[in-house]
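A look at the structure
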Amino acid sequence: NKTTDIQIVIVADTSGSMKDDVQDIATNLPLIIKDLKDAGINVEATLYPLGSGNNYCALMPAELIRCKVLTRSDCPNLLSQSTSEDWGNGIACAALAGPNGQGWQSGAARVGITLSDEISGSSDSPCCPDGDPMSCPDQWQSLQNGISTANANELTVFALMANPCITNQYPSQCACYNGGVLEVYHKAMGEQTGGMMYDLRNANEVSKTIKDII
């Protein structure tokens, strides 16, 4: 019954533009967890892919990483219709559940990680009217739910903002990327929970950044 040193929950946007980023987690995170365990660090990690339309949990070695897809039925009072992108409410669900679905262990460091290239909830209006982050009320509320629930459960969150502009496939997000609404959302999640935001330039940086955080 040794106390866990670090407990980690990772909430991942699984919309189409995030496929490479989540695949990087599936490939490399088990290796990171194994190295930590081999070094005598007792770590628990759970990946929470958002939305039912993904099979990322099938890629995870259960002996190293727990994985549970988060859908509306898991958090009916939080998650929105656009579940695959609702990382604000997603981290709220994860903060309530903990890394094993049964809450948190006393004395362990509690680390939350969000991964997305969207504002929280939907990419339908990535800039929000007039560039005002609060003018997308559902998305803004999702962000606030995540921040308040993380703080209530003493969860430090690190927001990984993936770059939607590398190939310019998503021009609407690019228009709001650096210094815009996207950055405001991700910075708020990190800084207001005691963590920080990471501005990722490509999918290969995801697992390296998670290793750096741990």
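Our structure is the block above this text.
This report concerns the structure included in the present document. (Residues numbered from 1 in each chain as written. Predicted model: local features only at pLDDT ≥ 70, side-chain atom pairs only at ≥ 80, totals over all residues. Heavy atoms only, no water.)

So, on to the state of the cysteines. Overall, the coordinates contain two disulfides when judged by the stated rule. Residue Cys 57 pairs covalently with Cys 67 via a disulfide, S to S 2.1 Å. Of note, the bridge from Cys 57 to Cys 67 carries an S-S torsion of about -75° and is left-handed in sense. A residue pair is termed long-range when its members are at least 10 positions apart, and Cys 57 in the loop between β2 (43–49) and β3 (66–67) and Cys 67 in strand β3 qualify at ten residues. The partly exposed category is assigned to Cys 57, whose relative accessible area is 22%. (Disulfide = S-S within 2.5 Å. Helix = DSSP H or I, 4+ residues; strand = E, 2+ residues; numbered from the N terminus. Buried < 20%, exposed > 50% of the residue type's maximum accessible area, 1.4 Å probe, protein only.)

Moving on, we get to the packing of helix α1 (residues 19–38) against helix α6 (residues 205–213). Interaxial distance between α1 and α6 falls to 7 Å at its minimum, and their mutual angle equals 40°. Between α1 and α6, the angle is such that the two are oblique. You can see that α1 and α6 cross each other, and the crossing is right-handed. Along its contact with α1, which presents Asp 21, Asp 24, Ile 25, Asn 28, Leu 29 and Ile 32, the element α6 presents Val 206, Ser 207, Ile 210 and Lys 211. (Axes fitted to C-alpha atoms, helices over the stretch in contact; angles between N-to-C directions. Parallel < 35°, antiparallel > 145°, perpendicular 65-115°, else oblique. Left-handed = near helix turned anticlockwise from the far one by under 90°. Contact = heavy atoms within 4.5 Å.)

Looking now at unusual backbone geometry. One non-glycine residue, Glu 154, adopts positive backbone phi at about 55°. Note that Glu 154 resides in the loop between α3 (137–152) and β5 (156–161).

Along the chain, His 186 falls in helix α5 (residues 181–191). Look past the residues within four positions of His 186 in its chain and what remains in contact with it is Trp 87, Ser 116, Glu 118, Ala 159, Leu 160, Met 161 and Met 197.

The next thing to look at is the pattern of salt bridges. In the structure shown here, the tally under the stated rule is five salt bridges. With a closest N to O distance of 3.5 Å, Lys 187 and Glu 183 form a salt bridge. Residue Lys 187 and its partner Glu 183 are located together in helix α5, separated by four residues, close to a single helical turn. Accessibility expressed as a relative area gives 16% for Glu 183, which makes it buried. Residue Arg 201 is joined to Asp 199 by a salt bridge in which the shortest nitrogen-to-oxygen separation is 3.4 Å. Owing to a relative accessible area of 38%, Arg 201 belongs among the partly exposed residues under this scheme. Look at Asp 199 and you get partly exposed, because its relative accessible area is 29%. (Salt bridge = Lys/Arg side-chain N within 4 Å of Asp/Glu carboxyl O.)

These figures come from the coordinates and say nothing about function on their own.
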